[in-house]
Amino acid sequence: MGKNNLLGGALWDAYSKEVSRRMDNPTHLGVLTEEDAKVRGARLIVADYGAESCGDAVRLYWLIDPKTDQIIDAKFKSFGCGTAIASSDMMVELCLGKRVQEAVKITNLDVERGLRDHPDVPAVPGQKMHCSVMAYDVIKQAAGQYLGKNPEDFEDEIIVCECARVSLGTIKEVIKLNDLKSVEEITNYTKAGGFCGSCIRPGGHEAREYYLVDILQEVRSEMEAEKRKEVAQKSLEGDLSFIEMTMVQKVKAIDKTIDTHIRPMLMMDGGNLEVLDIKEGGGFVDVYIRYMGACDGCASAATGTLFAIEGVLQEHLDENIRVLPI
């Protein structure tokens with residue numbers, strides 16, 4: 001049976017080509033032994049981690065040069081879904097060549113980004129995003145063994161969802177990267193809140209310091225503030241498109257364009273105009289004007305002159321502008 005029959009074409013298309021490749025042909029799948037360590041003058045570390053939230057498990061093998069703490073070889077074995085295999089394979093690749101103290105800083109987001117075909121397109125569908133968390137945790141198990149520390153000692157992130165081991169930083173970044181707007185979407189992407197539910201909002205069986213509803217509100221507010229800041233900056237630099245402008249900015253842009261390109265032409269013949277109102281709707285921006293002086297009652301005011309005014313505004317501001325004389 002083909003993959004499209006197993007998963008459904010739309011779901012399969014949500015996986016990057018890199019994930020698909022590593023699912024079928026993982027680069028670093030295998031085992032390292034004490035004999036391998038002896039031959040290379042290295043120390044063998046074997047770490048296990050099981051993710052109860054999804055039933056997957058991974059075993060990580062490191063060969064470490066004790067003189068430099070560098071990971072000179074690494075392999076893995078994984079029990080679980082194809083995404084867990086691909087994530088584990090990328091996790092091993094990111095570890096290779098690093099010192100243990102550097103490798104322990106690798107996060108699940110680093111693993112997911114490494115699996116992308118394009119920097120802005122997620123490598124896996126939202127419901128599989130949590131699979132990379134397991135790779136994040138097994139690294140800490142291995143580093144703890146080598147350095148003689150508790151794995152939790154390396155945890156510099158606040159864990160919001162204990163059930164799925166999802167950190168505050170992961171949740172915030174996933175919201176921003178994918179423009180998430182609901183707690184349900186956060187759960188789909190990270191599995192946070194998908195089990196006991198205590199981290200969703202206050203009132204669950206276990207009190208938490210951080211809740212998904214509050215994190216979502218905070219990050220969405222930050223995103224909106226950043227968007228307003230970008231718009232304001234573009235406005236100052238003159239890079240703001242007409243459609244991005246506020247109504248006040250649109251009025252000023254129209255007045256400026258009329259003053260520069262239209263009013264001098266009308267005044268040469270003893271005429272003028274004023275803008276009475278601007279309305280938006282149906283995909284159009286309607287500019288209502290009143291002719292003054294020689295233009296008032298002129299035969300061409302409703303034909304050639306009107307078309308000329310409308311053409312100038314469309315050329316310099318937006319093609320959806322319509323000019324309506326009153």
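The name an unreviewed UniProt entry gives the protein is Nitrogen fixation protein NifU, with Helicobacter gastrocanis as the organism. In its Function (unreviewed entry) section, the UniProt entry covering the protein states "May be involved in the formation or repair of [Fe-S] clusters present in iron-sulfur proteins." The record held by UniProt for the protein lists under Sequence similarities (unreviewed entry) the comment "Belongs to the NifU family."

**Student:** What is the right way to read the sheet that holds strand β8 (residues 321-325) from this model?
**Tutor:** Two orientations exist for strands paired in a sheet by backbone hydrogen bonds: parallel and antiparallel. In spatial order, the strands read β6-β7-β8; together these 3 strands make up an open sheet with mixed pairing. Since the sheet does not close on itself, it has two edges, and those belong to β6 (271-281) and β8, each with one partner. Adjacent strand axes in the sheet meet at a mean angle of 30 degrees, parallel and antiparallel pairs treated alike. Strand direction decides the pairing type here: strand β7 (residues 284-293) and β8, joined by 5 bridges, are parallel. Looking at the pairing, D286 lines up with R322 of β8. Where helix α12 (residues 247-267) meets the sheet, its contacts fall on β6 and β7, and the angle it forms with β6 comes to roughly 150 degrees. Strand contacts of helix α13 (residues 304-316): β6, β7 and β8, with the helix running at about 150 degrees to β8, the strand carrying the most contacts.

**Student:** Can you help me understand the packing of aromatic side chains in this one?
**Tutor:** By convention here, two paired aromatic rings are described through the distance between centres and the angle between planes. For the coordinates displayed, the defined rule picks out 0 aromatic pairs. Above the ring of F242, the side-chain terminus of K250 is found at 5.5 Å from the ring centroid. Its guanidinium or amino end placed over the ring of F284, R322 lies 4.0 Å from that ring's centre, counting from NZ or CZ.

**Student:** Where do I start with the nonpolar core in this structure?
**Tutor:** Generally speaking, a soluble globular protein has its nonpolar side chains buried in company with each other. In terms of nonpolar packing, the biggest core is built from 36 residues, with V19, L60, W62, I71, M91 and C95 touching the most fellow members. Elements represented by at least two residues in this core include exactly α3 (17-24), β1 (43-51), β2 (56-65), β3 (70-79), α5 (82-95), α6 (100-103) and α8 (131-147). The contact partners of I71, leaving out residues within four places of it in the chain, are W62, L63, I64, C95, L96, G97, K98, V100 and A103. One finds L266, V285, Y291 and L317 within the second-largest nonpolar core, a separate group that totals 23 residues.

**Student:** When you look at the packing of helix α9 (residues 168-178) against helix α10 (residues 183-190) in this model, what are you seeing that I'm missing?
**Tutor:** To characterise two packed helices, one gives the angle between the axes of the helices and the distance between these axes. As a packed pair, α9 and α10 sit with axes 10 Å apart at the nearest point and diverge in direction by 105 degrees. Classified by the angle their axes make, α9 and α10 are roughly perpendicular. Contact with α9, carried on its side by I171, V174, I175 and N178, involves I186, Y189 and T190 of α10 and no other residues of that element. The class makeup of the residues in the contact of α9 with α10 is 5 nonpolar, 2 polar and no charged.

**Student:** Where do I start with the packing of α3 against α5 in this structure?
**Tutor:** Interhelical geometry of α3 versus α5 gives an angle of 95 degrees and a closest axis separation of 8 Å. In terms of their interaxial angle, α3 and α5 are classed as roughly perpendicular. Taking contact as the criterion, the partners of E18, V19, R22 and M23 in α3 are, on α5, G82, T83, I85, A86, D89, M90 and E93. Residue composition of the contact of α3 with α5, by class: 5 nonpolar, 2 polar and 4 charged.

**Student:** Would you mind showing me how to read the environment of V58 here?
**Tutor:** Here V58 shows up in strand β2. The class for V58 is buried, based on a relative accessible area of 3%. Along the backbone, V58 and G80 are 22 residues apart, and their C-alpha atoms lie at a distance of 8.2 Å. Not counting residues within four places of it along the chain, the set of residues in contact with V58 comprises A47, D48, Y49, F76, K77, S78, S88, M134 and V138.

Conventions and cut-offs
- Residues numbered from 1 in each chain as written.
- Predicted model: local features only at pLDDT ≥ 70, side-chain atom pairs only at ≥ 80, totals over all residues.
- Heavy atoms only, no water.
- UniProt positions renumbered as here; feature names shortened; annotations may be inferred.
- Pairing = 2+ DSSP bridges.
- Helix = DSSP H or I, 4+ residues; strand = E, 2+ residues; numbered from the N terminus.
- Axes fitted to C-alpha atoms, helices over the stretch in contact; angles between N-to-C directions.
- Contact = heavy atoms within 4.5 Å.
- Phe/Tyr/Trp six-rings, centres within 6.5 Å; stacked < 30°, edge-to-face > 60°.
- Lys NZ or Arg CZ within 6 Å of the ring centre and 35° of its normal.
- Core = buried A, V, L, I, M, F, W, Y, C linked by side-chain atoms within 4.5 Å.
- Buried < 20%, exposed > 50% of the residue type's maximum accessible area, 1.4 Å probe, protein only.
- Parallel < 35°, antiparallel > 145°, perpendicular 65-115°, else oblique.
- Nonpolar A, V, L, I, M, F, W, Y, C, P; charged D, E, K, R; others polar.

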